[in-house]
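# A closer look at the structure
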Amino acid sequence: MKKKKKLKDSEWGLSMMALAAFIGGSIGSQIIFFPDVPHLPSIYGCLTGSVLLVAGNAIYVFYKRMKHNGADNKNQNHR
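Rules used throughout
Residues numbered from 1 in each chain as written. Predicted model: local features only at pLDDT ≥ 70, side-chain atom pairs only at ≥ 80, totals over all residues. Heavy atoms only, no water. Phe/Tyr/Trp six-rings, centres within 6.5 Å; stacked < 30°, edge-to-face > 60°. Helix = DSSP H or I, 4+ residues; strand = E, 2+ residues; numbered from the N terminus. Salt bridge = Lys/Arg side-chain N within 4 Å of Asp/Glu carboxyl O. Buried < 20%, exposed > 50% of the residue type's maximum accessible area, 1.4 Å probe, protein only.

Bringing the packing of aromatic side chains into the picture now. In this structure the tally under the stated criterion is one aromatic pair. An angle of 70° between the planes, with centres 5.9 Å apart, marks the rings of W12 and F62 as edge-to-face. One end of the pair, W12, is in the segment before helix 1 (13–32); the other, F62, is in helix 2 (residues 40–75), with 50 residues separating them in the sequence.

Structure below.
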């Protein structure tokens, strides 16, 4: 029987960490800068960093899949 692959061990683990970093950074900035309104520069900074990490991870995963599928297609015998 095939073992289930956990999400933290998958190739999308970096994206999950980026999401957690965004949530933690947003909450942390509200705790440190405790004004009546949200401290937007730090939230925008966390959002920008998280989006860059997710985009980089997506490019890596899709490139790896495309490269792997291309190698499989070359090894097949076409008649």
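There's more to say after this.
Here we take up the pattern of salt bridges. Following the criterion strictly, the structure yields two salt bridges and no others. Here E11 makes a salt bridge to K64, at a shortest N to O gap of 3.6 Å. On the criterion of sequence distance, the pair formed by E11 in the segment before helix 1 and K64 in helix 2 is long-range, its members being 53 residues apart. The exposure class assigned to E11 is partly exposed, which follows from its relative accessible area of 24%. Here R65 makes a salt bridge to E11, at a shortest N to O gap of 2.7 Å. Of the two residues, R65 is situated in helix 2 and E11 in the segment before helix 1; the sequence distance between them amounts to 54 residues. Residue classification places R65 among the partly exposed positions, given a relative accessible area of 37%. What you see here is one network of salt bridges that share partners, running through E11, K64 and R65.

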